[in-house]
Amino acid sequence: ETGVTQTPRHLVMGMTNKKSLKCEQHLGHNAMYWYKQSAKKPLELMFVYNFKEQTENNSVPSRFSPECPNSSHLFLHLHTLQPEDSALYLCASSQDQGFDTEAFFGQGTRLTVV
Amino acid sequence: DAKTTQPPSMDCAEGRAANLPCNHSTISGNEYVYWYRQIHSQGPQYIIHGLKNNETNEMASLIITEDRKSSTLILPHATLRDTAVYYCIVTSPLISGGYQKVTFGTGTKLQVIP
């Protein structure tokens, strides 16, 4: 248990569906992240939020829409996804201050787009 | 962030020490060396980190060379549950804008053999 909780753990959705992934942490962290892990590929950083402001968007398609209503919650809204978007989506959080803090990851949401 | 180079895979006999190397020859003075591991289909787990000095915690030891261009993660008594992909990462909040930005490579797949 890392203190970062992701729901749902598994999700199957059609290409025309709209769904949302949720991430929650009560570690007092102000930085939150979305990562994507496709089969046989390294984890890819998608978005970074620091103090609820989006600070990084690594060329992610607009069919992925993040939302950070407060520093404890992070959402990833999904719409009109493609089968190649099937992957493990991981949320992480870290302390925003200090030079040597680590990131805490959730267990991930296994997404299958059919 | 500095690039890291790790062997793609390693085997280790159960009960023996696992020594996982990492090269980071372009590391800058304010970058830390972090190690994470990912057990199949789970989120990455923080193991240990360091700047200059060797570090030890309940999970592992980290040996950083004096020139900081390489490091070794040591699992002193590997168990079957240590079978995972181990990632060596160098990063610093000073570079990423105050927050911890973890960029993963392909890592080393450690197989602990009974």
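The structure displayed is predicted, hence computed values, not measured ones.

1. Comments concerning the state of the cysteines
Residue and element names in this part refer to chain A.
In step 1: All told, the structure shown has 2 disulfides over all chains when counted by the stated rule.
In step 2: Between the sulfur of Cys-23 and that of Cys-91 lies a disulfide, 1.9 Å long from S to S. Disulfide Cys-23 to Cys-91: torsion about the S-S bond roughly -75°, handedness left-handed. Of the two residues, Cys-23 sits in strand S3 (residues 18-25) while Cys-91 sits in strand S9 (residues 87-94), which places them 68 residues apart along the sequence.
In step 3: For the unlinked cysteine Cys-68, the closest cysteine sulfur is that of Cys-91, found at 9.0 Å.

2. Focus: the pairing of strand S5 (residues 44-50) of chain A
All names here are of chain A.
In step 1: Taking burial as the measure, the 7 residues of S5 include 6 buried ones, the bulk of the element.
In step 2: The pairing of strand S4 (residues 31-37) with S5 spans 6 bridges and is classified as antiparallel. Each residue of the ladder has a partner; that of Lys-36, found in S5, is Glu-44.
In step 3: Two elements, S5 and strand S6 (residues 53-57), share 4 bridges in a ladder whose sense is antiparallel. Its bridge partner lying in S6, Val-48 is registered against Glu-56.
In step 4: The turn joining S5 and S6, which pair antiparallel and follow one another in sequence, is formed by 2 residues; a positive phi near 55° is taken by Phe-51.

3. Overview of the interface of chain B and chain A
In step 1: If you look at the interface, chain B gives 22 residues, while chain A gives 27 residues.
In step 2: Surface buried jointly by chain B and chain A totals about 1900 Å² across both partners, of which 54% is contributed by carbon and sulfur atoms.
In step 3: Sorting the residues of chain B by area buried against chain A places Tyr-99, Gln-100 and Phe-104 of chain B first, and these three jointly supply 28% of that buried surface.
In step 4: Our enumeration of links across chain B and chain A arrives at 0 salt bridges.

4. Quick notes on the sheet that holds strand S7 (residues 64-70) of chain A
Residues and elements named next belong to chain A.
In step 1: Within the open sheet, the 4 strands sit side by side as S1-S3-S8-S7. Their pairing is antiparallel. Each edge of the open sheet carries a strand with a single partner, namely strand S1 (4-7) and S7. Adjacent strand axes in the sheet meet at a mean angle of 20°, parallel and antiparallel pairs treated alike.
In step 2: Where S7 and strand S8 (residues 73-79) come together, 5 bridges link them in antiparallel fashion. Residue pairing for S8: Pro-66 is matched across the bridge by Leu-76.

Cut-offs and rules
Residues numbered from 1 in each chain as written. Chains lettered and ligands numbered in written order. Predicted model: local features only at pLDDT ≥ 70, side-chain atom pairs only at ≥ 80, totals over all residues. Heavy atoms only, no water. Disulfide = S-S within 2.5 Å. Helix = DSSP H or I, 4+ residues; strand = E, 2+ residues; numbered from the N terminus. Buried < 20%, exposed > 50% of the residue type's maximum accessible area, 1.4 Å probe, protein only. Pairing = 2+ DSSP bridges. Contact = heavy atoms within 4.5 Å. Buried area = accessible area lost by both parts, 1.4 Å probe. Salt bridge = Lys/Arg side-chain N within 4 Å of Asp/Glu carboxyl O. Axes fitted to C-alpha atoms, helices over the stretch in contact; angles between N-to-C directions.

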